[in-house]
Amino acid sequence: ADLTQQDGYLHAGVITTIADSACGYAAYSLMPKGSGVLSVEFKVNLLRPARGDAFVARAEVIKAGRTLSVVRADVFAVSPNAERELVATMQGTMMCLI
């Protein structure tokens, strides 16, 4: 409840944080040991009001590079009596910090 906006939906900033974190970890999984990851830019499409008991993201690397990687993530709302529902999608660029 602390993370919802005035109409009771999960706040867009929280959805964006979930997607950004998923994108970062996807990119990081292909980076050299001892490196770090930093978001350079991203675009988020909020597809429907985010209502659910839990939220989960799935991310994948579109193009891995030595310094920059392009990634995407989908964020789903999960409820016990319903199938998971796509609420947002993100495409971003992550930077490898050495």
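This write-up is about the structure you can find in this document. Source: prediction; values computed, not measured. (Residues numbered from 1 in each chain as written. Predicted model: local features only at pLDDT ≥ 70, side-chain atom pairs only at ≥ 80, totals over all residues. Heavy atoms only, no water.)

A short note on the pairing of strand 2 (residues 54-63)
Then step 1. As defined by bridge partners, strand 2 adjoins strand 3 (residues 68-79) across nine bridges and the pair is classed as antiparallel. Residue Ala59 lies in a different strand from strand 3, and its bridge partner there is Ala73.
Then step 2. As consecutive antiparallel partners, strand 2 and strand 3 are separated by four residues. (Pairing = 2+ DSSP bridges. Helix = DSSP H or I, 4+ residues; strand = E, 2+ residues; numbered from the N terminus.)

Structural notes on the sheet that holds strand 1 (residues 36-46)
Then step 1. If you trace the four strands from one edge of the open sheet to the other, you get 1-4-3-2, paired in antiparallel fashion. Sheet topology places strand 1 and strand 2 at the edges, where each strand pairs with a single neighbour. Between one strand and the next, the sheet's axes are offset by a mean angle of 30 degrees, whatever the strand orientation. (Axes fitted to C-alpha atoms, helices over the stretch in contact; angles between N-to-C directions.)

Focus on the side chain of Ser35
Then step 1. Inspection of the secondary structure assignment puts Ser35 in the loop between helix 1 (12-28) and strand 1.
Then step 2. Classification of Ser35 as buried rests on a relative accessible area of 9%.
Then step 3. Side-chain polar atoms of Ser35 contact the backbone oxygen of Pro32, separated by 2.6 Å.
Then step 4. What Ser35 contacts, discounting residues up to four positions off in sequence, is Tyr28, Cys96, Leu97 and Ile98. (Buried < 20%, exposed > 50% of the residue type's maximum accessible area, 1.4 Å probe, protein only. Polar contact = N/O pair within 3.5 Å; in protein donor to acceptor, adjacent residues only side chain to side chain. Contact = heavy atoms within 4.5 Å.)

Geometric values such as these leave the question of function open.
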